[in-house]
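So you can see what is in the structure, the chains are spelled out below.
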Amino acid sequence: MRILLVASAFNSLTQRVFAELREHGHTLAVHLHGEDDPLRAAVRAFAPELVVAPMLRTALPRDVWSAHTCLIVHPGPLGDRGPSSLDWAIHDGAGRWGVTVLQAGEVMDGGDVWATAHLTVPPVGKSDLYRNEVSDAALRAVRLAVERFASGRFRPRRQAGPQWPVTERTRPYLRQPVRRIDWAADPTATVLRRLRAADSQPGVLDELLDGEWYLHGGHPEDELRGEPGELLATRAGAVCRATVDGAVWLPELRERRRPDGPATFKLPATLALGSRPSGLPPLPELPEVPAPLELPGQRRTWTDLRYREDGPVGFLRFSFPGGAMSTEHCRRLLAAYRYACARPTGVLVLGGGRDFFSNGIHLNVIEAAADASAESWANINAMNDLVEAVLTTTDRLVVAALGGNAAAGGAMLALAADEVWCRDGAVLNPHYRLMGLHGSEYWTYTLPRRVGPAMAARLTGQALPVTAARAERAGLVDRVVTAAPGAFPAEVARLAGQLATAQGLRRRIGEKKAARERDEAHRPLADHRAAELALMRRDFAPGAPYHALRSAFVCKTPAVGTPPHLAGEHTRWTAPG
């Protein structure tokens, strides 16, 4: 069918719906919908058989939904209405939730129901939940709704009448006074729910060190204690703050925007506090309390790096907010990787968590730097150092395990491994073009080696999201792991154990070492790096398009119109050539 996707942003769910529907043979176009934009012209030009809206902040015009079947993806169960569905679910401690696909109509979220799907709500932040359990449920519901529409036989169920199975409930936007944390009274469990319900937007507005900040992310701490509300320690850019019965780690902060002031954005907490406006009291001296890389299993604390072993398998897990990796993140991960490589294992699993693998360099930290060009250069070189270490590991097999999405340099980091395992719900964006960059991380070596020059050019040039299944068929991924988000780490551990004990492991490692030596003799890695960085230096130069594109991305400047690479027709995947 011809399906027009209408969304307020090409966010993670919109990308997944786009990639999945394209994978199933539908012809798609995307329109990014805002106030007073040319949606009607887009509908006339594309002439869709069906309109699907994975994520909308504004209502569709009446003349559009009255002339075309328009399906809205609402991140709430049957009967739920309102703009803060997931926020309320986490805020209230719901254990089960749902996604409903309904037809656009007069009443917001009140149209006829085409499909619904249920999900469990784990103790994670809203953005993690949205990208994983909600995304999985949304895809099940969208596929079912599209199939039902295509059949021409299904009649959607009205949200009215005595046969309606649930009570309708419309809840308002969840505003900051309701999100507020009372540090002198709220127990840790309440604090965590409120932080998680606001992650990653809008954050929880709070007062901290005589300033107003939005708090983003929250993780429990099991040992540190202090006066409620007191800052206790730092760790890897996060700050620890005491509650009435414990403490929580806050990884990121965003300064409240002043009237007529510049846009503000999330930063690692210590960096944000260190860049406060002049005139405020100096930061208190807080101890840096690092977590051991091999953290005891009974500990309940936050750390972004963790290593453990299970027999012949080492697991190096990393989890950076938003999947962004700053210069410091890369350097710390490289040190942890070298530690893992010094251990007597035959297989090393890199990643393996339930959310983002990596999205490459940290654009927010770069935006905040005094010299964005210099910080960009430092960050890309730190990424390259990490990728080079993976590529030159020849005494064991390295597996990159992608439980969540990966993009740009983060996707190329995964390709440095011997095998790439990807959860079936993950989406890959193996390209840099939309940020005005040529890219580095040795992609000119690893990507063509896996998928061939023609497909490499197509992936990087078209700059479109790819499903895990499509990535496997293209050679980008070696194994698609079918598992719920929370079950992915255990399934990866099981598969890695099988790999480490399989016959022929030492032979494979020997073949890998020989292949690396042949490739090095043909064209050294240093040559790839130098060629890539020569172009990146130009991309990072003051005045290059990258700087404006980065600022717009970081500051969430609304897009003007739909980017050309999305607006055209996109048909099912075919082999290149």
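Fair warning: this is a prediction, and the values are worked out from it, not measured in the lab. (Residues numbered from 1 in each chain as written. Predicted model: local features only at pLDDT ≥ 70, side-chain atom pairs only at ≥ 80, totals over all residues. Heavy atoms only, no water.)

Draft legend 1. Summary view of the overall build of the chain. On a plain count of helices and strands, the chain comes out with 20 helices and 25 strands. Compactness check: the chain gives a C-alpha radius of gyration of 24 Å against a globular reference of 25 Å for 577 residues, within 12% of the reference. The principal-axis extents of the C-alpha atoms in the chain amount to approximately 70 × 65 × 50 Å. Across the 577 residues in the chain, those meeting the buried criterion constitute 56%. Counted over contacts in the chain with a minimum sequence separation of 6, partners at least 24 positions apart contribute 70%. For the chain, the accessible area works out to roughly 24300 Å², and carbon and sulfur atoms hold 53% of it. Both charge centroids of the chain, one from 69 positive and one from 63 negative side chains, sit 5 Å from each other. (Helix = DSSP H or I, 4+ residues; strand = E, 2+ residues; numbered from the N terminus. Rg over C-alpha atoms; globule rule 2.2 N^0.38 Å. Buried < 20%, exposed > 50% of the residue type's maximum accessible area, 1.4 Å probe, protein only. Contact = heavy atoms within 4.5 Å. Areas by Shrake-Rupley, 256 points an atom, 1.4 Å probe, with all protein chains shown as cover. Lys, Arg positive; Asp, Glu negative; His and termini not counted. Charge placed at Lys NZ, Arg CZ, Asp CG, Glu CD.)

Draft legend 2. Structural detail: unusual backbone geometry. Omega for the peptide link from aspartate 199 to serine 200 comes to 0°, which places this bond in the cis form. Along the polypeptide, serine 200 turns up in the loop between α7 (188–197) and β9 (204–208). The step from glutamine 201 to proline 202 runs through a cis peptide bond, and the omega angle for that step is 5°. Looking at the secondary structure, you find proline 202 in the loop between α7 and β9. Here the phi dihedral of alanine 47 falls at roughly 50°; this positive angle occurs in a residue that is not glycine. Examined against the element boundaries, alanine 47 turns out to sit in the loop between α2 (39–46) and β3 (50–53). In this model, leucine 209 sits at a positive phi of 55°, which is unusual for a non-glycine residue. Tracing the backbone through its elements, the reader meets leucine 209 in the loop between β9 and β10 (211–216).

Draft legend 3. Geometry of the sheet that holds strand β13 (residues 238–242). The strand order across the open sheet built from four strands is β11-β14-β13-β12, with neighbouring strands paired in antiparallel fashion. Looking at strand neighbours, the two that pair on one side only are β11 (219–221) and β12 (231–235), the edges of this open sheet. For this sheet, the mean angle separating the axes of adjacent strands, direction not counted, is 30°. Pairing of β12 with β13, which is carried by four bridges, proceeds in the antiparallel orientation. Residue threonine 234 lies in a different strand from β13, and its bridge partner there is valine 239. (Pairing = 2+ DSSP bridges. Axes fitted to C-alpha atoms, helices over the stretch in contact; angles between N-to-C directions.)

Draft legend 4. Layout of the pairing of strand β19 (residues 347–351). A large share of β19 lies buried, amounting to five of its five residues. The pairing of β19 with strand β20 (residues 397–402) spans five bridges and is classified as parallel. Across the sheet, residue leucine 350 finds its bridge partner in β20, namely alanine 400.

Draft legend 5. The pairing of strand β15 (residues 252–255), seen in detail. When β10 meets β15, the two strands line up antiparallel, connected through four bridges. Its bridge partner being in β15, histidine 216 is matched across the sheet by glutamate 252.

Draft legend 6. Expanded view of helix α13 (residues 443–451). For α13, the set of buried residues is Trp443, Tyr445, Thr446, Leu447, Arg450 and Val451. The positive-phi residue at the C-terminal boundary of α13 is glycine 452, with phi of around 90°.

Draft legend 7. Spotlight on the sheet that holds strand β17 (residues 305–310). Pairing within the open sheet is mixed, and its six strands lie in the order β17-β18-β19-β20-β22-β25. Among the strands making up the open sheet, the edge pair consists of β17 and β25 (479–481). Pairwise comparison of adjacent strand axes, ignoring direction, gives a mean angle of 20° for this sheet. Where helix α17 (residues 505–522) meets the sheet, it contacts β19, β20 and β22 (419–423), and its direction lies at approximately 95° from that of β20.

Draft legend 8. Spatial organisation of the environment of phenylalanine 356. Considering the arrangement of structural elements, one finds phenylalanine 356 in the loop between β19 and α10 (363–368). Each C-alpha atom of the pair phenylalanine 356 and aspartate 128 lies 8.4 Å from the other, and the pair is 228 residues apart in sequence. If sequence neighbours within four positions are ignored, phenylalanine 356 has contacts with Arg131, Gly322, Gly323, Gly404 and Asn405.

Draft legend 9. A look at the side chain of asparagine 429. Tracing the backbone through its elements, the reader meets asparagine 429 in strand β23 (residues 427–429). Separated by 2.7 Å, the side chains of asparagine 429 and glutamine 15 make a polar contact. Those residues in contact with asparagine 429 that sit more than four places away from it in its chain are Gln15, Ala406, Ala407, Ala408, Ala411, Leu464 and Pro465. (Polar contact = N/O pair within 3.5 Å; in protein donor to acceptor, adjacent residues only side chain to side chain.)

Draft legend 10. Region of the structure containing the environment of glycine 218. Here glycine 218 shows up in the loop between β10 and β11. Assessed through its relative accessible area of 6%, glycine 218 is described here as buried. C-alpha of glycine 218 to C-alpha of alanine 198: the two residues are 20 residues apart in sequence and 9.8 Å apart in space. Not counting residues up to four positions away in its chain, the partners in contact with glycine 218 are Leu192, Leu195, Arg196, Trp249 and Pro251.

Draft legend 11. Up close: helix α14 (residues 453–462). Where α14 is concerned, the buried positions are Met455, Ala456, Arg458, Leu459 and Thr460. Tucked inside the fold, the buried residues of α14 contact α1 (12–23), α13, β24 (466–467) and α15 (468–474). Count one or two residues on from α14 and you reach alanine 463, which has phi positive near 55°.

Draft legend 12. Up close: the packing of helix α11 (residues 372–391) against helix α19 (residues 545–554). Closest axis-to-axis distance for the α11/α19 pair is 11 Å, and the angle between their directions is 90°. In terms of orientation, α11 lies roughly perpendicular with respect to α19. Each of Ala372, Ser373 and Ser376 in α11 lies in contact with α19, whose residues at this interface are Tyr546, His547 and Arg550. Per-class residue counts for the contact of α11 with α19 are two nonpolar, three polar and one charged. (Parallel < 35°, antiparallel > 145°, perpendicular 65-115°, else oblique. Nonpolar A, V, L, I, M, F, W, Y, C, P; charged D, E, K, R; others polar.)

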